[in-house]
Amino acid sequence: RAIFQQKQDMQGLKVLVTAGGTRERIDPVRYLTNDSSGKMGYALAEAAAQRGAHVTLVSGNTSLNPPPNVKVISVESALQMYDKVMELLPEQDAVIKAAAVADYRPAVSADKKIKKTKDHMTIELVRNPDILAEIGTRKTSKQVIVGFAAETNDVETNAMDKLRRKNADLIVANDVSKEGAGFGVDTNIVSFIRPDQPPRRLPQMRKRDVAEAILDEIVTIRTSKSG
Ligand code: CTP
Ligand code: CA
């Protein structure tokens with residue numbers, strides 16, 4: 001899709017996207033992470049920039065190239081992502097939390113490489129803060145907040161629960177157990193979950209087209225908030 005065909009309906013909007021998986025340090029050479037490729041978030045950032053938005057992408061680890069005309073800020077851990085997002089939140093018109101944030105981190109991260117002295121070892125984990133839920137408590141009436149829900153079962157029920165718990169305006173639910181959806185692949189199969197609306201089920205689409213559909217939804221929600 002060439003830029004000149006792109007609609008400019010996000011002109012001047014400030015959009016923050018998070019993408020990729022976080023890395024939770026065990027020691028200087030080891031960490032816990034997940035299978036997120038960052039593709040969905042990068043597609044969103046690229047598409048929003050092409051539609052005229054000022055886009056900041058707070059990115060965990062990915063192997064993707066930075067999208068054109070997007071300000072990329074790299075972070076490693078959930079705690080670092082939390083700090084960056086909270087710092088940038090007040091100036092945003094929309095926030096899209098496509099990152100796969102680790103739910104737990106090691107209680108201590110060793111400053112030297114851990115040696116294999118024991119036959120068994122246990123790593124104690126502690127809960128990370130929920131970035132999206134914190135955004136939900138801080139958001140203004142005009143800000144549009146979008147989260148994802150990666151589920152393997154009871155997708156829409158779980159997603160509806162997350163929408164309420166995190167005070168989001170839209171949850172993009174995807175069934176990661178389906179082929180052609182979720183981690184690593186170039187397509188996704190999603191449902192849009194909004195307060196007081198029936199779920200909107202989209203067919204299997206390229207992540208780039210899913211991104212455009214999510215941005216359409218954000219523009220609609222924003223209009224309904226300011227109207
Ligand atoms: N999320 C977040 N901070 C976390 C965990 C999740 O901001 N510490 C965000 C994700 O970026 C995503 C949404 O919350 O937009 C849902 O993430 P998900 O892992 O599906 O939900 P959880 O609330 O972590 O619940 P669970 O993993 O138990 O299903
Ligand atoms: Ca989680």
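Please refer to the structure placed before this passage.
From a predicted model like this one, the values you see are computed outputs, not experimental measurements.

Caption draft 1: Representation of the coordination of the calcium ion (ligand 2). Coordination of the calcium ion (ligand 2) by the protein comes from D103 (OD) and D103 (OD), over a distance range of 2.5 Å. Note on placement: D103 falls in the loop between β6 (94–97) and β7 (104–106).

Caption draft 2: Up close: the pattern of salt bridges. Within the structure shown, the criterion is met by 22 salt bridges. One salt bridge connects K162 with E151, and the closest N-O pair in it is separated by 2.5 Å. In this pair, K162 sits in helix α4 (residues 155–166) while E151 sits in strand β9 (residues 144–151), placing the two residues 11 residues apart along the sequence. Taking the relative accessible area as the measure of exposure, E151 reaches 9% and is therefore buried. The partner of E212 in a salt bridge is R208, and the shortest N-O contact between them spans 2.7 Å. You can see E212 and its partner R208 sitting in helix α5 (residues 207–226), four residues apart, about one turn around the helix. When its relative accessible area of 8% is taken as the criterion, E212 is described as buried.

Caption draft 3: Seen up close, the site of ligand 1. Near ligand 1 you find 15 residues, and of these K97, L132, F148, K162 and K166 are the closest. A distance of 2.7 Å separates an oxygen atom of ligand 1 from a polar atom in the side chain of K162. Considering ligand 1 on its own, with 570 Å² of exposed area, one finds that the protein chains cover 78% of that surface. Counting only elements with at least two residues in the shell around ligand 1, the list comes to α3 (131–138), β9 and α4. The biggest single contributor to the shell around ligand 1 is β9, with four residues. Split by residue class, the shell around ligand 1 holds eight nonpolar, one polar and six charged.

Definitions and cut-offs
- Residues numbered from 1 in each chain as written.
- Chains lettered and ligands numbered in written order.
- Predicted model: local features only at pLDDT ≥ 70, side-chain atom pairs only at ≥ 80, totals over all residues.
- Heavy atoms only, no water.
- Donors = N, O, S within 2.8 Å, 3.2 Å for Na, K, Ca; no water.
- Helix = DSSP H or I, 4+ residues; strand = E, 2+ residues; numbered from the N terminus.
- Salt bridge = Lys/Arg side-chain N within 4 Å of Asp/Glu carboxyl O.
- Buried < 20%, exposed > 50% of the residue type's maximum accessible area, 1.4 Å probe, protein only.
- Near = heavy atom within 4 Å.
- Polar contact = N/O pair within 3.5 Å; in protein donor to acceptor, adjacent residues only side chain to side chain.
- Areas by Shrake-Rupley, 256 points an atom, 1.4 Å probe, with all protein chains shown as cover.
- Nonpolar A, V, L, I, M, F, W, Y, C, P; charged D, E, K, R; others polar.

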